[in-house]
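# Architecture and fold: a report
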Amino acid sequence: MAEPREIKEAHEEARRIRREAERRARDVVEDARKQSAEMLAEARATADAALEDAKRLGEALTKSAAALTAEAERLVRDVQLAHRELLGSLRLPGVAARDMPESRRPRTGPGPDDLFEPPDWIRGR
């Protein structure tokens with residue numbers, strides 16, 4: 001039994017539409033693969049750049065922390081020295097002078113040469 005011509009044409013049309021749909025589907029899938037590969041490469045490059053930025057920032061913060069720590073230590077030392085000097089000025093005058101380094105002691109009163117005057121005959125008079 002032969003198929004009527006209209007049915008045969010309908011089957012041919014259906015096959016043609018199906019082939020066209022499959023071809024379009026393949027093209028869409030291929031385009032999607034290419035686009036996803038490009039997006040993935042871009043995302044990886046962006047992630048790598050972010051990691052490098054984070055590393056540079058970490059190094060800069062580490063250097064800043066070291067500089068700030070050194071500055072804080074100097075500040076504490078300066079305050080400790082000022083504190084000692086202030087405490088020294090609050091003590092009795094003799095005690096404060098005694099605790100000062102020799103080079104910083106104020107000269108008060110007569111020195112050893114002022115207290116003892118050698119006799120005239122030693123000087124060769």
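Our subject is the structure listed above.
Now for a look at the structure at hand.

### Some remarks on the pattern of salt bridges
Per the stated rule, a full pass over the model turns up 11 salt bridges. With a closest N to O distance of 2.7 Å, Glu9 and Arg5 form a salt bridge. In this pair, Glu9 and Arg5 are both assigned in helix H1 (residues 5–90), four residues apart and thus about one turn of the helix distant. Overall, Arg5 belongs to the exposed group, its relative accessible area being 60%. Residue Lys55 pairs with Glu52 through a salt bridge whose shortest N-O separation is 3.9 Å. A residue pair is termed a helical-turn pair when its members lie 3 or 4 positions apart in one helix, as Lys55 and Glu52 do in helix H1 at three residues. Judged by its relative accessible area of 45%, Lys55 falls in the partly exposed class. Under the relative-accessibility criterion, Glu52 is labelled partly exposed at 39%. One connected set of salt bridges, linked through shared partners, spans Glu20, Arg23, Arg24 and Asp27.

### Some thoughts on the environment of Arg74
Mapped onto the fold, Arg74 is located in helix H1. Relative accessible area serves as the criterion here: at 38%, Arg74 is assigned to the partly exposed category. At a separation of 2.7 Å, a polar atom in the side chain of Arg74 contacts the side chain of Glu71.

Criteria and thresholds
- Residue indices follow the written sequence of each chain, beginning from 1 at its first position.
- Where local features are concerned, this predicted model is filtered to residues with pLDDT of at least 70; where side-chain atom pairs are given and counted, the filter is 80 or more; whole-chain, interface and lining totals use all residues.
- Hydrogens and water are ignored here; the side-chain numbers use all heavy atoms of the structure.
- Salt bridge, as used here, is a side-chain nitrogen of Lys or Arg placed within 4 Å of a carboxyl oxygen of Asp or Glu.
- Counting from the N terminus, the helices are the DSSP runs of H or I reaching at least four residues and the strands are the DSSP runs of E reaching at least two.
- Buried residues are those whose accessible area, probed at 1.4 Å on protein chains only, stays under 20% of the maximum for their type, while exposed residues exceed 50% and partly exposed ones sit between those limits.
- Any N or O atom pair separated by 3.5 Å or less is treated as a polar contact, with the protein-specific requirement of one donor-capable and one acceptor-capable atom, and with residues adjacent in sequence counted only for side-chain atom pairs.

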